[in-house]
Amino acid sequence: MKNLKEQFVCSAEEFRSPRALAVTAVLIAINITLDLLNIRIQLTPQLRIGFGFLTSAMVGMLFGPVVAMTAGAATDLLGWLVNNGGGAYFPGFTLTAVLAGLIWGMALYKKPLRWYRALAAKLVINTVLNIGLNSVWLYLYYGQSFQLATLPLRIGKNLLILPLEVLMLLFVGRIVLDIDRRSARQIQPRS
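Residues numbered from 1 in each chain as written. Predicted model: local features only at pLDDT ≥ 70, side-chain atom pairs only at ≥ 80, totals over all residues. Heavy atoms only, no water.

**Student:** Explanation requested: the layout of surface pockets in the structure shown.
**Tutor:** The method is simple in principle: a probe with the dimensions of a water molecule rolls over the atoms, and the space it marks as empty is what remains. As a volume, the second largest pocket reaches approximately 180 Å³. Along the wall of the second largest pocket there are 15 residues; nearest its centre are Met61, Leu62, Tyr109, Lys110 and Asp180. Contributing elements (two or more residues each) for the lining of the second largest pocket: helix 2 (18–36), helix 3 (52–83) and helix 7 (162–187). Residue contributions to the lining of the second largest pocket peak at three residues, all from helix 3. In the lining of the second largest pocket, the residues fall into nine nonpolar, one polar and five charged. (1 Å grid on protein atoms, 1.4 Å probe; cavity = no way out; pocket = protein on both sides within 12 Å on 5 of 7 lines; lining within 4 Å. Points joined across faces, edges and corners; volume = space filled by probe spheres on them. Helix = DSSP H or I, 4+ residues; strand = E, 2+ residues; numbered from the N terminus. Nonpolar A, V, L, I, M, F, W, Y, C, P; charged D, E, K, R; others polar.)

**Student:** I keep staring at the nonpolar core and nothing clicks. Help me out?
**Tutor:** Soluble globular proteins: nonpolar side chains tend toward being buried together. Core analysis: the largest hydrophobic core is formed by 35 residues, its most contacted members being Met58, Val59, Met61, Trp104, Leu108 and Leu169. Counting residues per element, this core draws most heavily on helix 3, which supplies eleven residues. Discounting chain neighbours no more than four positions away, the residues touching Leu169 are Phe53, Leu54, Ala57, Met58, Trp104, Leu113 and Ala118. (Core = buried A, V, L, I, M, F, W, Y, C linked by side-chain atoms within 4.5 Å. Buried < 20%, exposed > 50% of the residue type's maximum accessible area, 1.4 Å probe, protein only. Contact = heavy atoms within 4.5 Å.)

**Student:** Honestly, a nonpolar patch on the surface in this entry has me stumped. Any pointers?
**Tutor:** Together, Leu36, Leu37, Ile39, Leu77, Leu78, Trp80, Leu81, Val82 and Tyr89 line one region of the surface with nonpolar side chains, adding up to about 790 Å² of accessible area. Per-element accounting of the nonpolar patch gives the leading share, five residues, to helix 3. Classification of Val82 by relative accessible area gives partly exposed; the value is 44%. (Patch = residues over 30% accessible without salt bridge, like charges linked within 9 Å, V, L, I, M, F, W, Y side chains within 5 Å. Areas by Shrake-Rupley, 256 points an atom, 1.4 Å probe, with all protein chains shown as cover. Salt bridge = Lys/Arg side-chain N within 4 Å of Asp/Glu carboxyl O.)

**Student:** Help me out: how do you make sense of unusual backbone geometry in this one?
**Tutor:** Note: most residues except glycine have negative phi, and most peptide bonds are trans. Positive phi values are uncommon outside glycine, yet Lys110 reaches one of about 55°. By secondary structure assignment, the location of Lys110 is in the loop between helix 4 (91–108) and helix 5 (115–142).

This is the structure in C-alpha cells:
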C-alpha cells in the first residue's frame, strides 16, 4: 500500500464484499467459540494463553484495519453477551480489541506475510495493549492490589509466549492465505 489513507479506504471498501463479510463473521464466530469452549492454556485463574488473536490477525491480514477494528469490537461485545457470566461489561477491553485490529490491519493488509511484520505487530500488541493498556483496565475494574499482584506474571507471560505466538501466526496465516487465493480463483467469473 502506498500510504495510510489508501490502506484505510481500501479496507473500508471490503465492507461491500459479501465474501469479506462472511469470512469475517466466521472468524468472529471461531474466536467466540474458542473462548466459550475454553480452548486455551490456563496458567493461573487470571492468566491464559489463548488463540483468539489468530482470528483477529487473519481479519486484519485479509481485509485491513477498518474491517479488523470493527471485527474486534464485534468479537468483544458478542463474546461478552454470549459469555453471560463474564462479569460486568467494561468498554476498555473493547477499545483494546479495536486497537489490536488496527495494528493487525496496518501491519499485514495487502503485504507479504513476513516474520518481522508478525513479530512487530504482536510485540506492539503484547506490550502496549496487553501489558500497558489492559493493566489500566484491570486497575479500574478490579483495583490496585489485583493489578500489582498480576502485573509481573502478565509481563512475563506476554514476553515469553511472543515467539510461539509469532510462529503460530505465520503457520496459520500461510494456510489462510493459500485458502484465500484458491477460493478467490474459484469465485472469478468465467468468460
